[in-house]
Amino acid sequence: MAAAGVLWVTVLVYLLRFDDVPVKTFLAVIFFVVFFAVSLTYYARTRIVVDARGITYRGMVRTRRYTFEDIRKVDVLPGPVTVYAIRDTGGGFVHFTSFFQHHRRLAALLVERAGLRPMTS
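The shown structure was predicted, so the numbers you read here are calculated from the model rather than taken from an experiment.

Undergrad: I'd like a rundown of the side chain of D75, residues and numbers included.
TA: Relative to the assigned elements, D75 resides in strand β4 (residues 71-77). A distance of 2.5 Å separates the side chain of D75 from the side chain of R87, its partner in a polar contact. Setting aside chain neighbours within four positions, we find D75 in contact with V83, Y84, A85 and R87.

Below, the structure is given as structure tokens:
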């Protein structure tokens, strides 16, 4: 994320050196600069801490505490970026992606400690 952000900032600085660059081009580049800045902030801020009684999830704007008994389900949504959605007994959820280091180990630990079983099709 940081490398992509630096790339787009570099493109923006490069474009500023030219006259007659269309406004739409500047807007597109600014969009990507902002997108990668927000993404980098999200991944730098997000943290999941596992202890003996549960997990603490710190996201970009909120922090939530879950005991293992609160965790009802862990959905795994495969794709180019795997998304893990932790669903709680109150109907809410938090998520993390495969961009996180040790994401498979974390998902397996949550399933094990919450006493969940894999669903069969």
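The rest of the description comes next.
Undergrad: How would you summarise the pattern of salt bridges if you had to cite specific residues and measurements?
TA: For the coordinates displayed, the defined rule picks out four salt bridges. Between D75 and K73 there is a salt bridge, with its nearest N and O atoms 3.5 Å apart. With a relative accessible area of 15%, D75 lands in the buried category. A salt bridge links R87 to D75, with the nearest nitrogen and oxygen atoms 2.5 Å apart. Here R87, found in strand β5 (residues 83-88), pairs with D75, found in strand β4; they are twelve residues apart in sequence, far enough to count as distant. Given the relative accessible area of 27%, R87 is considered partly exposed. Residues joined by salt bridges that share partners form a network here, namely K73, D75 and R87.

Undergrad: Go over the sheet that holds β4, please, and point to the residues and values.
TA: An order of β4-β5-β6 is seen for the three strands of this open sheet, with the pairing classed as antiparallel. Strands with a single pairing partner mark the edges of an open sheet, and in this sheet they are β4 and β6 (93-97). This sheet shows a mean twist of 20° between the axes of neighbouring strands, independent of strand direction. In this sheet, β6 lies alongside β5 in antiparallel orientation, the contact comprising five bridges. Residue I86 lies in a different strand from β6, and its bridge partner there is V94. Taken strand by strand, helix α3 (residues 103-113) contacts β4, β5 and β6, and its axis lies near 150° from that of β6.

Calculation rules
- Residues numbered from 1 in each chain as written.
- Predicted model: local features only at pLDDT ≥ 70, side-chain atom pairs only at ≥ 80, totals over all residues.
- Heavy atoms only, no water.
- Helix = DSSP H or I, 4+ residues; strand = E, 2+ residues; numbered from the N terminus.
- Polar contact = N/O pair within 3.5 Å; in protein donor to acceptor, adjacent residues only side chain to side chain.
- Contact = heavy atoms within 4.5 Å.
- Salt bridge = Lys/Arg side-chain N within 4 Å of Asp/Glu carboxyl O.
- Buried < 20%, exposed > 50% of the residue type's maximum accessible area, 1.4 Å probe, protein only.
- Pairing = 2+ DSSP bridges.
- Axes fitted to C-alpha atoms, helices over the stretch in contact; angles between N-to-C directions.

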